[in-house]
Amino acid sequence: MTNKPYILPYRGEYNEKGIVPTISPKAFIAPGAAVIGDVEIGEDSAVWFGCVVRGDVNIIRIGERTNIQDGTVVHVTRKTGPTYIGSDVTIGHSALIHAATLEDKCFIGMRATIMDGAVVESGGWVAAGALVTPGKRVPKGQIWAGNPAKYFRDLNEEEQRFIGISADNYVKHTREYLALKY
């Protein structure tokens, strides 16, 4: 078996129009992850095991050096809600990102949910298990937590640095997996 990404083509109108994911050859898509429809994924990014990235009714754009960890679902809303995920973003295990915008260098905790029209600004942090409701904005330098999520506190310097460290660590991990022959 080769280490080519597993890409599940959409079997509806997008397939008929020839719309398939555009994935950098330097990105890692784990076996068992599904990337469907009008999706673009940048260099050194990874979609880990058991993830679904489903751009079948709108677009999904994922930057460089971004990691989408195991069991996460990234989706859109028909006509009105694309999903934009910037570069150097860490998305923890089993998160749900739905028709939202995650700017560069933000951090999304495990099992967090980011709903339609919400924005997590560059340098923003959503705590594990948090629910960011539709249209909310998580500002730079803040941690939001709870259900529904609200301002919890400002990030300290160590946490701010950790966002970049996490992205760097996952780039190394991505490159290790790309080197495997499975």
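In case you missed it, the structure is sitting above this.
**Details of the overall build of the chain**
So, point 1. When its secondary structure is counted, the chain shows two helices and 19 strands.
So, point 2. For the chain, buried positions account for 48% of its 182 residues.
So, point 3. Restricting to contacts in the chain with at least 6 residues of sequence separation, those with at least 24 account for 19%.
So, point 4. Roughly 8,900 Å² of accessible area belongs to the chain as shown, and the carbon and sulfur atoms make up 53% of that amount.

**Structural notes on the nonpolar core**
So, point 1. By size, the foremost hydrophobic cluster in this structure holds 35 residues, and its most contacted members are Ile41, Ile91, Ile97, Leu102, Ile108, Ile114 and Val126.
So, point 2. Taken together, the elements giving at least two residues each to this core come down to strand E3 (34-41) and strand E5 (52-62).
So, point 3. With four residues, the single largest contributor to this core is E5.

**Details of the pairing of E3**
So, point 1. Counted residue by residue, E3 has seven buried out of eight residues, so it is predominantly covered.
So, point 2. Looking at chain direction, E3 and E5 are connected through seven bridges and run parallel. Among the inter-strand pairings, alanine 34 is bridged to a residue of E5, identified as valine 52.

Definitions and limits used
- All residue numbers refer to positions counted from 1 along the written sequence of the respective chain.
- The predicted origin of the model limits local features to residues at a pLDDT of at least 70 and limits the giving and counting of side-chain atom pairs to 80 or more, whereas totals for whole chains, interfaces and linings rest on all residues.
- Processing note: side-chain calculations cover all non-hydrogen atoms of the structure and skip hydrogens and water entirely.
- Helix and strand assignments follow DSSP, with helices taken as H or I runs no shorter than four residues and strands as E runs no shorter than two, numbered in order from the N terminus.
- Whether a residue is buried, partly exposed or exposed follows from its accessible area with a 1.4 Å probe, protein chains only, as a fraction of its type maximum: under 20%, in between, or over 50%, in that order.
- Whether two residues touch is decided by their heavy atoms; if any such pair falls within 4.5 Å, the residues are in contact.
- Under the convention used here, a 1.4 Å probe and the Shrake-Rupley method define accessible areas, while residue burial counts only the protein chains that appear.
- Residues belong to one nonpolar core when they are buried, are Ala, Val, Leu, Ile, Met, Phe, Trp, Tyr or Cys, and are joined through side-chain atoms within 4.5 Å.
- Pairing between strands is defined by DSSP: at least two bridges between the two strands are required.

Interpretation in functional terms is not warranted from these geometric data alone.
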